[in-house]
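An overview of the molecular structure
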Amino acid sequence: MDVHFYKYQGAGNDFILIDHRISPIKDIDYESIKQLCDRRFGIGADGLMFLTAHPEYDFEMLYFNADGRPGSMCGNGGRCIVAFAKHLGIIDKETDFLAVDGPHYARISEKGNWIELQMIDLDTINRDGKAYVLNTGSPHYVIQQQDLINFDVYHNGKTIRNNDTYKENGINVNFVEDQGDHLFVRTFERGVEDETYACGTGVTAAAISIAKHKNQTGHIQTPVKVLGGDLKITFDYDGKQFTNVFLCGPAERVFEGEITF
Ligand SMILES: N[C@H](CCC[C@H](N)C(=O)O)C(=O)O
């Protein structure tokens with residue numbers, strides 16, 4: 001049996017997308033997802049998503065990490081599935097869709113490849129030593145790191161993700177360097193268990209943590225550089241709650257093909 005798939009990437013965070021509404025296969029087991037996401041034995045991706053129909057929303061996003069397990073919210077995946085929904089003709093310039101952390105609004109730029117995705121509001125930020133720990137749809141640990149380009153993100157990220165505090169549930173570990181007019185962020189992702197080229201919920205967590213660190217309030221716009229490109233985070237902070245949080249960046253269709261089961 002053949003299942004049609006699409007490959008998308010958003011700032012180098014890459015995903016396999018399947019239109020569940022027409023897929024002859026309705027469930028893919030964890031092992032098969034892991035194999036499809038494998039960069040040597042499969043298509044290669046940081047995660048796999050199903051776009052499925054929903055009675056109250058334009059569509060629903062079902063997200064799996066590269067290890068085959070259902071993930072929490074994926075911000076770049078969310079932007080990619082919005083581009084996918086547009087490609088399929090389900091939506092035009094705006095959408096309200098459902099993901100694992102609740103409803104999301106998103107808008108698509110005129111040129112079509114720049115997606116602005118609204119993320120959940122946030123009011124709780126915890127500390128773990130010098131790090132900030134917060135949930136932007138996925139759990140994130142954010143710590144500042146100088147000379148980040150030369151830093152060993154894989155080994156340091158892996159150590160934090162697997163320490164006694166986070167071992168059981170896991171956490172995504174973000175290292176951030178304030179470079180003046182923008183942040184530079186590198187992320188070790190749970191569920192991929194490796195550094196990825198970008199993590200949307202992670203850069204959102206980084207921008208929020210730095211604003212908190214600097215006691216900034218009002219409407220805040222933060223350009224962010226990641227290994228796979230440029231993203232932008234915008235939000236409002238009144239000193240208590242982070243609202244109108246938007247993750248903005250590119251999302252592109254790379255190729256499509258058939259998976260034979
Ligand atoms: N790449 C994602 C995060 C995926 C979430 C996953 N790593 C987890 O914690 O389940 C993003 O752009 O936000």
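Residues numbered from 1 in each chain as written. Predicted model: local features only at pLDDT ≥ 70, side-chain atom pairs only at ≥ 80, totals over all residues. Heavy atoms only, no water.

Attention now moves to the nonpolar core. If you look at the biggest cluster of nonpolar residues, it comprises 53 residues, and the most contacted ones within it are Met61, Ile81, Phe97 and Phe235. At 7 residues, helix α4 (residues 200–213) tops the list of elements feeding residues into this core. Residues lining this core come from more than one domain, with at least three contributed by each of domain 1 (2–115 + 251–260) and domain 2 (126–249). When neighbours within four sequence positions are excluded, phenylalanine 235 is seen to be in contact with Ala207, Ile208, Ala211, Gly218, His219, Ile220, Thr222, Phe242, Thr243, Asn244 and Val245. (Core = buried A, V, L, I, M, F, W, Y, C linked by side-chain atoms within 4.5 Å. Buried < 20%, exposed > 50% of the residue type's maximum accessible area, 1.4 Å probe, protein only. Helix = DSSP H or I, 4+ residues; strand = E, 2+ residues; numbered from the N terminus. Domains from an automatic or database assignment. Contact = heavy atoms within 4.5 Å.)

Most peptide bonds take the trans configuration, and most residues that are not glycine carry a negative phi. For alanine 11, which is not glycine, the phi torsion reads 55° and is therefore positive. One can find alanine 11 in the loop between β1 (2–10) and β2 (13–19). A positive phi is found at glutamate 193, a non-glycine position, where the angle reads about 55°. Its place among the elements puts glutamate 193 in the loop between β12 (183–189) and β13 (194–196).

Here we come to the pairing of strand β7 (residues 114–118). Side chains of β7 alternate between two faces, with Ile115 and Leu117 buried and Trp114, Glu116 and Gln118 left unburied. In this sheet, β7 lies alongside strand β6 (residues 102–108) in antiparallel orientation, the contact comprising 3 bridges. Following the sheet pairing, isoleucine 108 is matched in β7 by isoleucine 115. In sequence, β6 turns back onto β7 through a hairpin of 5 residues, with glycine 112 there showing a positive phi of about 95°. (Pairing = 2+ DSSP bridges.)

Moving on: the state of the cysteines. Counted by the stated rule, this structure contains 0 disulfides. We note that cysteine 80 lacks a disulfide partner, and the nearest cysteine sulfur, in cysteine 74, lies 7.8 Å from it. On the basis of relative accessible area, cysteine 80 is assigned to the buried category, the value being 0%. (Disulfide = S-S within 2.5 Å.)

Domain boundaries assigned for the protein chain yield domain 1 (2–115 + 251–260) and domain 2 (126–249). Placing a centre on the C-alpha atoms of domain 1 and another on those of domain 2 gives a separation of 23 Å. Counting from both sides, the interface comprises 21 residues of domain 1 and, opposite them, 23 residues of domain 2. Across the domain 1 to domain 2 interface the summed buried area is about 1500 Å²; carbon plus sulfur atoms make up 51%. Sorting the residues of domain 1 by area buried against domain 2 places Ala11, Ser72 and Trp114 first, and these three jointly supply 31% of that buried surface. Scanning the region where domain 1 abuts domain 2 turns up 0 salt bridges. Put simply, domain 1 and domain 2 have 8 residue pairs in polar contact (both at pLDDT 80 or more) between them. Of all elements in the fold, only α2 (75–87), β6 and β7 reach the threshold of two or more residues within the side of domain 1 that touches domain 2. Take the side of domain 1 that touches domain 2: its biggest share by element is 3 residues, from α2. Broken down by class, the residue content of the side of domain 1 that touches domain 2 amounts to 8 nonpolar, 8 polar and 5 charged. (Buried area = accessible area lost by both parts, 1.4 Å probe. Salt bridge = Lys/Arg side-chain N within 4 Å of Asp/Glu carboxyl O. Polar contact = N/O pair within 3.5 Å; in protein donor to acceptor, adjacent residues only side chain to side chain. Nonpolar A, V, L, I, M, F, W, Y, C, P; charged D, E, K, R; others polar.)

Attention now goes to the side chain of asparagine 65. Inspection of the secondary structure assignment puts asparagine 65 in strand β4 (residues 60–65). Looking at asparagine 65, the relative accessible area reads 9%, which means it is buried. Within the structure, the side chain of asparagine 65 is placed 3.3 Å from the side chain of tyrosine 63, a separation counted as a polar contact.

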